[in-house]
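# Overview (structure and organization)
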Amino acid sequence: MLYGYGGNILRIDLTTGSITTEPTDPKLAEKFLGGRGFGIYFLFTEMPRGADPLGPDNLLIFSPGPLSGTLVPGAGKLDITCKSPLTGGYAGSNVGGILTAEIKYAGYDSIILKGKAPKPVYIFIDNDKVEIRDASDLWGKGSLETEKILKDRLGEEFQIATIGPGGENGVKYACITTDYGRQAGRGGVGTVMGSKNVKAVAVRGNKSIPVADVQAFRRAARAMYKACKDSPGLQVWQRYGTAGVTVWSNEIGAFPTRNFSSGQLEGYENLSGEVMREKIVITDKGCFGCPSPCGKWSHVKKYGVRVEGPEYESTALLGGDCALTDIEDVAYANYLADDLGLDSISAGNVIAFAMECYERGILTDKDTDGIKLTFGNAEAVFAMLKKIAYREGIGAVLAEGVKHASQVFNKGSETFAIQAKGMEFSGYESHNAPSMLLSYMTCDVGAHHNRSWAITYDIQTGRDTVTPDKAERVIYLQHVRPLFDALGACRLQWVELSLDLNLYVPTIAALTGLERSWDDLLKVSERIWNLTRLFWFREVPGFGRAWDMPPARFYKEPVVSGPTKGKVMALEDVERLLDMYYEKRGWDANGRPSPQKLEELGLTEFAAAV
Amino acid sequence: MATVELLGILREQAKVRPEDLGPADGKAVADVIQALGLPADLVAFVMVNGRQQPKTYIIQPEDHVILIPLIGGG
C-alpha cells in the first residue's frame, strides 16, 4: 500500500484516444515525492528531446502531491508541468483551488496528456471513468464562462480547469484557470493545453486517501491548524491576502512602476489592501483546506463584473507597471486577463513594455491602431489585453512575450524588456535588492518570485551589499519553497503565519508511514531543482550562463524616482552574484551541474541523456 | 492613551520597549518606529484598530497599533 497517494498514474493520448492507468511507483514517490517532482520526472523521461512545445510530443502533466486533499493546512495545491512555449525550457506552474483534491480522490497522482485531439475536446474524469468528450460548443468561450457551463452541465462536485481564447490562440503566456479565478499562470501551460485542442479538464473523485497512521496523522494535522489559528499574522493576511503587501512594497521601493523604471507609484495608496477591501471585496475565498483564506472575491461595480482578486502580483503588473491608480481599473483588467485566459503577470509586464516603447516613439499610433498607449491609460490596457488574446494587430507580436517583442521592435528596447530566460519578471522591482534579483535570474521557470522570495533577506542584511550569504539564502529558499509544490500543499502558512516547518515532519510520517527528516526532504527538492536545470540544458541549444542574466536596465539604468532613486547594480556585481550562486550549487561557470553534484543527488543516469 | 504592540522579530530587534517610550498619541507611526530603534523597512504592516494604515498615519488617543514584520520564510 502506497500511503498518502492516489495510487495511479493516468495517461491520455489525445491523438489515438488511448486511456491507460498504471500504479504509482513507490520508488518514484520516494525519490521525487509528487507534484512538481513527478512533473519533471515524467517530462524528462517521456517527452522526446527537442519536442516542439506546441506539438503533439509535448506533455501536459497535472500532479497533486502526497499532502494534497488531506487534513494538512493548505492541502489544495496542484502542479502543472510541460515544456514551455514561452521560454523553450521547463514550465512548472502551481495553482490552488479544489481541483488537486478531486484528482487525488479520483485516485490519480499524475494525469499525463500527450498528442493532439483532432477537434476541441474536454477531459471528463469521474473516478475510474475517463472520457474524451466533444467541446466544440465551448471553443471560443472565456475561461470563467466555460467553467460555469461545465459546472451546470456536470454538477457542482466536479472541479474544472479551463483555458480561454488566449490558450486557444497560442498566446505564449496563456494560463489554466480553475475555481473561477485561480490560475496556473506562468510559462504558457494554457498555451500547451490549447495546442492539444483541450478546452477543459473536469474531475470528480469519491475515493479515500490511504493514511498509514490515522490517529497520529489527525493529531499532527490538528496541531498545524492550531498553530495557524494562533498566529498573530492571521489578522492581516486573512483580511487583505497578498494585497496587504502593496503598501509595504511601495514604501521600500519594490513596487514595479512604469516598466520597472521605478519602485514606487505615485497614488499607490489607492491600490492598497484596505482600499480594495472597502471598495470592492465581497468576501474571503480560500482554497481546499485553508485556515487563512487569502483569496478575495470582489465586485467591481464600475464595470459590473465579479473577479477573484486582484492579488498583489496582478496589482503590481497590471497596476503599478502600467501606472494605473484606480483599484477598480486594475480589478477589471484582472477580470479580462482571467476570462481571456492570460497570465496577468506576463500580460501586465508586456503591456508596460509596449507603453514605454510608445512613449519613446519606438511604437506609433499606426502600430497600435490608434490606441494611445501611454502609462496610466486604463482603456489602453483593456484594449491591449483583447488584442493580445486574439492576436490582433500589434497583439500578435506582444502575444509572443516581451523578449520576442523587443527583438521585433528593436531600437534598444531589449534593455528594458524585463525578462529572464524569456519569462517576464513578476512583482518586485529589484534594482536595489541583490538577493531578489538573483532569485529572478536563477528561477527554474524564468523570472518568477515564487521559488525564492528573498527581498526580505535584502532588507535584513543590506540592500547594497553583494555577499555569498545572499546566494546561500536564495538556494535555501529555492529548496524550501518548491518543496511545497512537490508535496502538493500551500507554502503561505509558513511564509505568512510562520508555521513551524518542523510540524510537517511528523505529519508526513504519519501520512506516508515513512520517517523522513526535513533535511532528507530538502535533498529531494534539490534533486528536482537540478533535474529541471538538466532539462534546460537538454532542450535549449547553447543554454547556459547568458540565460541567467537580467536585462540591462538593472545594471545600466538607475531607478528614476521613489525611495530607491539613483540605485543600480554594477554589472560586475551581477556577475559575482552568479559566480557565488553557481559555486554554492556545485555547478560549473556556465551553470551546469557538476558530475559530482549529479551523483550526490542520484541523477547521473539523467545526465547521460543530456 | 494609545498602545503599541510589536510582533515577531520586531520584539527582539527593538532597542526600546514600546511601554517605555511614553505616550504615542499624536505621533506618526514612522516616528514611533524610529524611536523604537527599528529599521522602518522591516515593518511590513501597520495595523491600527484592525485596519492597515500607512506609516504616515498619526496615532490617535485610544488607538491600538500593531507593528507586524514580514515574517516567515519569505
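What counts, and where the lines are drawn
- Residues numbered from 1 in each chain as written.
- Chains lettered and ligands numbered in written order.
- Predicted model: local features only at pLDDT ≥ 70, side-chain atom pairs only at ≥ 80, totals over all residues.
- Heavy atoms only, no water.
- Pairing = 2+ DSSP bridges.
- Helix = DSSP H or I, 4+ residues; strand = E, 2+ residues; numbered from the N terminus.
- Axes fitted to C-alpha atoms, helices over the stretch in contact; angles between N-to-C directions.
- Contact = heavy atoms within 4.5 Å.
- Buried < 20%, exposed > 50% of the residue type's maximum accessible area, 1.4 Å probe, protein only.
- Domains from an automatic or database assignment.
- Buried area = accessible area lost by both parts, 1.4 Å probe.

### Overview of the sheet that holds strand β14 (residues 295-300) of chain A
Residues and elements named next belong to chain A. Overall, antiparallel pairing links the three strands, which are arranged β13-β14-β15 in an open sheet. The open sheet has two free edges, formed respectively by β13 (281-285) and β15 (305-308), since each of these has just one partner strand. Averaged over all adjacent pairs, the angle separating strand axes in this sheet is 20 degrees, with direction ignored. Sheet topology places β14 next to β15; four bridges connect them, and they run antiparallel. Across the sheet, the residue bridging to Trp297 is Glu308, located in β15. Here helix α12 (residues 327-340) sits on the sheet and contacts β14 and β15; the angle it forms with β15, its principal contact strand, is near 80 degrees.

### With respect to the pairing of strand β6 (residues 108-114) of chain A
Residue and element names in this part refer to chain A. With six of seven residues buried, β6 is to be regarded as a mostly interior element. In this sheet, β6 lies alongside strand β1 (residues 8-13) in parallel orientation, the contact comprising six bridges. From the neighbouring strand, Asp13 faces β6, where its bridge partner is Lys114. Here three bridges tie strand β3 (residues 60-63) to β6, and the two strands are oriented antiparallel to one another. Paired with Phe62 across the two strands is Ile111, which belongs to β6.

### Details of the domain arrangement of chain A
All names here are of chain A. Taken domain by domain, chain A consists of domain 1 (8-204), domain 2 (241-413) and domain 3 (434-498 + 517-607). Spacing between the C-alpha centres of domain 1 and domain 3 amounts to 27 Å. Contact with domain 1, which involves 37 residues of that partner, is made by 32 residues of domain 3. Interface area, domain 1 with domain 3, both sides summed: about 2,900 Å², of which 64% is carbon and sulfur.

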